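Listed below are the residues making up each chain.
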Amino acid sequence: MSTNSSQTPSAQELYNLDNPIFCCYVFWATVLVAKMLLMSTLTAVQRFRYKIFPNQEDLFFKNTEVQFNDPHVERVRRAHRNDMENILPYFIMALIYISTNPDATVACNLFRVASVARLVHTLVYAVYPVPQPARLIAFASMQLITYYMAAVVALRTLRFI
């Protein structure tokens, strides 16, 4: 990446694996994608554990009926939906934030904290539910980071509108 601070880095310099900020983003984005994929598996595990299936053709066990509202399955599904509502916008905002060529330490720490917060959110919401404010803190951490990155981008691009 260019070391001349007066020169704006190109997209090729920002979005490649030679840029430590982009590398950090790629690593933590990969962790979050894997976590989101595991939520589908966790939903299936809960369905088999409690013998809750939403479709007639999925009834593997004798004496089971189609069911939709099991609290164990629904808790995992809500956590998965919450991931999609929060992680996907975060991915987009973080990529745009990288385009502002932020300080590497700040950016990487934001990516780390946001990702760990989502992992904790899943643990305290879907795996081992604990009382509030644990889930709220985990949820709000990524939200605030996403808003911070949006504010940085907005302030750096405001002069162009």
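Only a predicted model underlies this, so the values are computations on that prediction, with no experimental measurement involved. Numbering of residues starts from 1 in every chain and runs along the sequence as written. Only residues with pLDDT of 70 or above have their local features reported here, since the model is predicted, and side-chain atom pairs are shown and tallied only from 80 upward, although totals for entire chains, interfaces and linings are computed over all residues. Note that the side-chain values use all heavy atoms of the structure and ignore hydrogens as well as water.

Peer 1: Sorry if this is basic, but what is going on with the pattern of salt bridges here?
Peer 2: Salt bridges, as used here, are contacts in which a Lys or Arg side-chain nitrogen is within 4 Å of a carboxyl oxygen on Asp or Glu. One pass over the full model with this rule turns up four salt bridges. Across the salt bridge formed by E74 and R77, the nearest N and O atoms sit 3.4 Å from each other. With E74 and R77 both in helix 3 (residues 71-98) and three residues apart, the pair spans about one turn of that helix. Linking E85 and R81 is a salt bridge whose minimum nitrogen-to-oxygen distance equals 3.6 Å. Of this pair, E85 and R81 both sit in helix 3, separated by four residues, roughly a single helical turn. When its relative accessible area of 46% is taken as the criterion, R81 is described as partly exposed. Residues joined by salt bridges that share partners form a network here, namely K35, D83 and R118. Under the DSSP-based scheme used, a helix requires at least four consecutive residues in state H or I and a strand at least two consecutive residues in state E, with every element numbered from the N terminus. Note on classification: 1.4 Å probe, protein chains only; a residue is buried when its accessible area is under 20% of the maximum for its type, exposed when over 50%, partly exposed between these limits.

Peer 1: Hey, could you run me through the UniProt feature "transmembrane region" (unreviewed entry) in the chain in this one?
Peer 2: Residues given the UniProt feature "transmembrane region" (unreviewed entry) here are residues 25-45, 87-114 and 134-155. A distance of 9 Å separates the end C-alpha atoms of residues 87-114, which is 82% helix and 0% strand. Here residues 134-155 is 100% helix and 0% strand, with 32 Å between the C-alpha atoms at its ends. UniProt positions are given in the numbering used here, feature names are shortened, and annotations may be inferred rather than shown by experiment.

Peer 1: I would appreciate a short explanation of a nonpolar patch on the surface in the present structure.
Peer 2: Every patch collects residues that have over 30% relative accessible area and no salt bridge, joining them within 9 Å if they carry like charges and within 5 Å if they are nonpolar side chains (Val, Leu, Ile, Met, Phe, Trp, Tyr). Using a 1.4 Å probe, accessible areas were evaluated by the Shrake-Rupley method; residue-level cover was limited to the displayed protein chains. On the surface, L123, V127 and Y128 cluster together to form a nonpolar patch covering roughly 310 Å² of accessible area. With respect to the element layout, Y128 can be found in the loop between helix 4 (104-127) and helix 5 (134-157). Classification of Y128 as exposed rests on a relative accessible area of 61%.

Peer 1: Quick question: what am I supposed to make of the packing of aromatic side chains here?
Peer 2: Two aromatic rings, taken as a pair, are described by how far apart their centres are and by the angle between their planes. Each pair of aromatic rings taken from Phe, Tyr and Trp, with Trp reduced to its six-membered ring, is defined by centres within 6.5 Å and is described as stacked if the planes are under 30 degrees apart, edge-to-face if over 60, and tilted in the remaining cases. Scanning all chains against the criterion turns up seven aromatic pairs. Where Y15 meets F22, the ring centres are 5.7 Å apart and the plane angle is 85°; that geometry is what we call edge-to-face. Of the residues examined, F22 reaches a relative accessible area of 14% and is grouped as buried. One aromatic cluster is present, built from ring pairs that chain together Y15, F22, Y25, Y90, F91 and F111. The criterion for a charge sitting over a ring is simple: Lys NZ or Arg CZ within 6 Å of the ring centre, and within 35 degrees of the ring normal. The side chain of R135 reaches across the aromatic face of Y125, ending 4.2 Å from its centre.

Peer 1: Explain the side chain of H121 here, please?
Peer 2: Checked against the element boundaries, H121 lands in helix 4. Judged by its relative accessible area of 1%, H121 falls in the buried class. The contact criterion used is simple: two residues touch if any of their non-hydrogen atoms lie within 4.5 Å. Sequence-distant contacts of H121, that is, excluding residues within four places in its chain, are made with N82, A126, R135, A138 and F139.

Peer 1: Which parts of the structure should I look at to understand the packing of helix 3 against helix 5?
Peer 2: Packed helices, taken two at a time, are described by their axes: the angle between them and the distance between them. As a packed pair, helix 3 and helix 5 sit with axes 9 Å apart at the nearest point and diverge in direction by 25°. Taken together, the axes of helix 3 and helix 5 lie roughly parallel to each other. The crossing of helix 3 and helix 5 is left-handed. On helix 5, the residues touching R75, N82, N86, I87, Y90, M93, A94, I96 and Y97 of helix 3 are R135, F139, M142, Q143, I145, T146, Y148, M149, A150, V152 and V153. Split by residue class, the contact of helix 3 with helix 5 holds 14 nonpolar, four polar and two charged. Here the axes come from fitting lines to C-alpha atoms, over the contacting stretch only for helices, and the angles between their N-to-C directions go from 0 to 180 degrees. With respect to orientation, any angle under 35 degrees is reported as roughly parallel, any angle over 145 as roughly antiparallel, any angle of 65 to 115 as roughly perpendicular, and every other angle as oblique. Helix crossings fall into two classes, left-handed where the near helix is turned counterclockwise from the far one by less than a right angle and right-handed where it is turned clockwise. In this count, Pro and Cys sit with the nonpolar residues alongside Ala, Val, Leu, Ile, Met, Phe, Trp and Tyr, while Asp, Glu, Lys and Arg are called charged and the others, Gly among them, polar.

Peer 1: I'm lost on the environment of Y97 in this one. Help?
Peer 2: Note that Y97 resides in helix 3. Taking the C-alpha atoms as reference, Y97 lies 9.4 Å from T146; in sequence the two are 49 residues apart. The residues contacting Y97, other than those within four sequence positions of it, are P102, V106, A107, L110, F111, Y148, M149, V152 and V153.

Peer 1: What is the right way to look at the packing of helix 3 against helix 4 in this model?
Peer 2: The contact between helix 3 and helix 4 brings their axes to 10 Å, and the two run at 175°. Accordingly, the angle class assigned to the pair helix 3 and helix 4 is roughly antiparallel. Judged by residue contacts, R75, V76, R78, A79, N82, D83, N86, I87, Y90, A94, Y97 and I98 of helix 3 engage V106, A107, L110, F111, A114, S115, R118, H121, T122, Y125 and A126 from helix 4. A class-by-class count of the residues in the contact of helix 3 with helix 4 yields 14 nonpolar, five polar and four charged.

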